[in-house]
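As a plain string of letters, each chain reads:
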Amino acid sequence: MKSTSVPLYQAKAEFFRMLGHPVRIRVLELLQTGPMAVRDLLAEIEIEASSLSQQLAVLRRSGIVTATREGTTVVYALAGGDVADLMRAARRILTEMLAGRQDLLNELADDAVPDAAP
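Numbering of residues starts from 1 in each chain and follows the order in which that chain's sequence is written. The model is predicted, so local features are restricted to residues of pLDDT at least 70 and side-chain atom pairs to those at 80 or more, both for listing and for counting; the totals for chains, interfaces and linings are taken over all residues. Based on all heavy atoms of the structure, the side-chain values leave hydrogens and waters out of the count.

So, a negative patch on the surface
Rules: The patch calculation keeps residues exceeding 30% relative accessible area without a salt bridge and links them within 9 Å when they carry like charges or within 5 Å when they are nonpolar (Val, Leu, Ile, Met, Phe, Trp, Tyr). The Shrake-Rupley method, run with a 1.4 Å probe sphere, supplies the accessible areas, and residue values consider only the shown protein chains as cover. Between Lys or Arg on one side and Asp or Glu on the other, a salt bridge is scored when a side-chain nitrogen of the former is within 4 Å of a carboxyl oxygen of the latter. For the purpose of counting charges, residues Lys and Arg are taken to be positive, whereas Asp and Glu are taken to be negative. His and the chain ends are not included. Charge placement uses NZ in Lys and CZ in Arg. For Asp and Glu, CG and CD serve respectively. Helix numbers and strand numbers start at the N terminus; a helix is a DSSP run of H or I with at least 4 residues, a strand a run of E with at least 2. Only protein chains enter the accessibility calculation, which uses a 1.4 Å probe. A residue is then buried if its area is under 20% of the maximum for its type, exposed if over 50%, and partly exposed in between.
A cluster of like negative charges, contributed by Asp 103, Glu 107, Asp 110 and Asp 111, occupies part of the molecular surface. Relative to the assigned elements, Asp 110 resides in helix H5 (residues 81–110). The class for Asp 110 is exposed, based on a relative accessible area of 65%.

Shown next as C-alpha cells:
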C-alpha cells in the first residue's frame, strides 16, 4: 500500500503558501511583541473585521497562532517562539537582498557615462 505522507519539501511549500498573504504576515509581526486582542489587531491593520477574521482563521487552523477567549474578547498569540524567529530571519534576508540591490544601483550610477557636451 502506498504511503499518504507528504514529502517534506511539499509540506514546506504549503507552509510558505499559507504565510503568503500580507495580512497574515502583519498579524505575525504584531504578535511578536505579545498576545493581542482582535480589536487591537484591527486598529493596527485597518481592514474589515470579516477579512481579518478570515486570515486569523487560516493562521489558527495551521497552528501558528492560538486564540483564547477572555470574557467577550478574543486574544491571539504566537503558538511558539519559532514563528517570531522566522519573521526576524525574513527581515534579515530581505535587508540583505535590498542592500545588494542598492550596491548594484550605486555601482551602475558610478559607472554612468556623463552626457556629452553640445
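So, the sheet that holds strand S2 (residues 65–70)
Note the following rule: Strands were regarded as paired on the criterion that DSSP finds at least two bridges between them. Residue contacts are defined here by distance: any two heavy atoms, one from each residue, within 4.5 Å place the two residues in contact. Structural elements are reduced to axes, namely lines fitted to C-alpha atoms, with helices fitted over the stretch in contact, and the angle between N-to-C directions of any two is expressed from 0 to 180 degrees.
Judged by pairing direction, the sheet is antiparallel, and its 3 strands sit side by side in the order S1-S3-S2 without closing on themselves. The sheet is open, and its two edges are formed by strand S1 (36–37) and S2, each paired on a single side. With respect to the sheet, helix H4 (residues 49–62) is in contact with S2 and strand S3 (73–78), its orientation differing from that of S2 by roughly 115°.

Just geometry here; none of it tells us what the structure is for.
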